[in-house]
Amino acid sequence: MLDFCIIGSGISGSTIANLLNKKYSIAVYDKAKGYGGRSSFKKYKDKVGFDHGLQYISPKSTKFKTFTNQLIKKKVLKKWGGNHLFLHKTVKEIKNHLKLIGTKGNNSISKHLLKKIKCNFEHELINIKRLNDYWELTFKNDVKQKCKSLILTCPFPQSKKLGQKYLNKSYLNQKVKMDANLTVMIVTNKLKQSNSSYFFNDDMLGWAAYENSKKRFNYKYDLWTLQSTYKYGNKFTKDYRNKRKYYTNQLVKKFEKLTKLKIKKIHHSRIHGWMYSSNSKPLKQLSLWNKSLKLGLCGDYFGGPRLENGWQSAHDLHSKIRYGKSVSYTHLRAHETSLHLVCRLLLE
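These remarks concern the structure in this document. (Residues numbered from 1 in each chain as written. Predicted model: local features only at pLDDT ≥ 70, side-chain atom pairs only at ≥ 80, totals over all residues. Heavy atoms only, no water.)

### What to know about the packing of aromatic side chains
Consideration 1: Taken as a whole, this structure holds 26 aromatic pairs when the rule is applied.
Consideration 2: Note on phenylalanine 4 and tyrosine 24: the rings are 5.0 Å apart at their centroids and 70° apart in plane angle, and the pair reads as edge-to-face. Of the two residues, phenylalanine 4 sits in strand E1 (residues 2–7) while tyrosine 24 sits in the loop between helix H1 (11–20) and strand E2 (26–29), which places them 20 residues apart along the sequence.
Consideration 3: What makes tyrosine 24 partly exposed here is its relative accessible area of 22%.
Consideration 4: Arranged with centres 5.4 Å apart and planes meeting at 40°, the rings of phenylalanine 236 and tyrosine 247 form a pair that is tilted. Highlighted residues: phenylalanine 236 in helix H6 (residues 230–236) and tyrosine 247 in helix H7 (residues 244–259), separated in sequence by 11 residues.
Consideration 5: Residue class for phenylalanine 236 comes out partly exposed when judged on its relative accessible area of 22%. (Phe/Tyr/Trp six-rings, centres within 6.5 Å; stacked < 30°, edge-to-face > 60°. Helix = DSSP H or I, 4+ residues; strand = E, 2+ residues; numbered from the N terminus. Buried < 20%, exposed > 50% of the residue type's maximum accessible area, 1.4 Å probe, protein only.)

Listed below in structure tokens is the structure:
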């Protein structure tokens, strides 16, 4: 029987898995097809693709800066250069804002942390049950797994639903506001422009990233990731599947209007809806560990919404499991950078 089952391969899941793997037997399960959670990389052809969730990382705390510097040396991360055009009129731009990206995709961190760990993809957890001194997990594909301890790193609403029989009322009654986002990925003719990204002053379109500028691939066409604002995403993400073409066209037209770029041909397009892309009202604690039930929760909604918060949350949970106490971290909140008022996940 496994010591730990970890649900989710995003930054929190991959970090806690990497830490626990030094002492315990573990396995990671994720409902997606690959690594990264909301930092996933969507392939188009071979190495060509899109960062269709998290766009970049900008470290704040000393410990996280040390961690990312180590990953730069190992060529897991690199700087994203070029001109990042800031067009917002009410949000203050942060000068010399460091932008780090994965060398092969923004799921590079998760891949690096999980390279020695057994990962099971396309396994959606639908039920958990505590039986005597172990957990029984049931997945949508009818797979069952037993483990001594369970860690949930999925977004707050999903963790809450799975663990409602075992989490105390004070936790279940917590108010965490999750925000949605619509992301469009397009392959276009070569556009005559020189920017790596655009941060817009608009109610519909919040951000556009020129994937070619990340210098992971050379390709004859341009790849763009367009991400809606949370205001637009919260309103339309629930039913976007029924009108994929409509919402894709809406965001592409808005992109052309705001940038004054003319797209002659779209060779490929895809739209993805993130129901729980980020949070605007996180929990004040860093993680949750029930020692008697051997149940743990961590994620960027503990102090979120930054990727860095998810990393800190995993370290805090690991400390509680191993040493029975929290670690000391500078607590990062959304208001520490004005960029998060508009693009808390999109712009790290």
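And the narrative resumes.
### Some remarks on the pairing of strand E14 (residues 205–210)
Consideration 1: Burial analysis of E14 places 6 of its 6 residues in the buried class, which makes it a mostly covered element.
Consideration 2: Across 3 bridges, strand E13 (residues 195–199) lies against E14 in antiparallel orientation. Of the residues in E14, the one forming a bridge with tyrosine 198 is alanine 208.
Consideration 3: The hairpin formed by E13 and E14 contains 5 residues between the paired strands.
Consideration 4: Pairing geometry for E14 and strand E15 (residues 222–228), over 5 bridges, is antiparallel. Bridge assignment links tyrosine 210 to a residue of E15, and that residue is tryptophan 224. (Pairing = 2+ DSSP bridges.)

### Section: the packing of helix H2 (residues 62–73) against helix H8 (residues 307–323)
Consideration 1: Where H2 meets H8, the axes come as close as 11 Å, and the angle between the chain directions of the two elements is 100°. Compared by their axis directions, H2 and H8 come out roughly perpendicular. Counted together, Lys63, Phe64 and Phe67 of H2 and Leu307, Glu308 and Trp311 of H8 form the full contact between these two elements.
Consideration 2: Each residue belonging to the contact of H2 with H8 can be placed in one class, and the counts come to 4 nonpolar, no polar and 2 charged. (Axes fitted to C-alpha atoms, helices over the stretch in contact; angles between N-to-C directions. Parallel < 35°, antiparallel > 145°, perpendicular 65-115°, else oblique. Contact = heavy atoms within 4.5 Å. Nonpolar A, V, L, I, M, F, W, Y, C, P; charged D, E, K, R; others polar.)

### Comments concerning empty space enclosed by the protein
Consideration 1: One pass over the structure, following the stated rule, counts 1 cavity of 30 Å³ or more.
Consideration 2: The computed volume of the largest cavity comes to approximately 40 Å³.
Consideration 3: As for the largest cavity, its lining consists of Gly10, Ile11, Gly36, Ser39, Asn106, Ile109, Ser110 and Leu307.
Consideration 4: Class assignment for the residues of the lining of the largest cavity results in 3 nonpolar, 5 polar and no charged. (1 Å grid on protein atoms, 1.4 Å probe; cavity = no way out; pocket = protein on both sides within 12 Å on 5 of 7 lines; lining within 4 Å. Points joined across faces, edges and corners; volume = space filled by probe spheres on them.)

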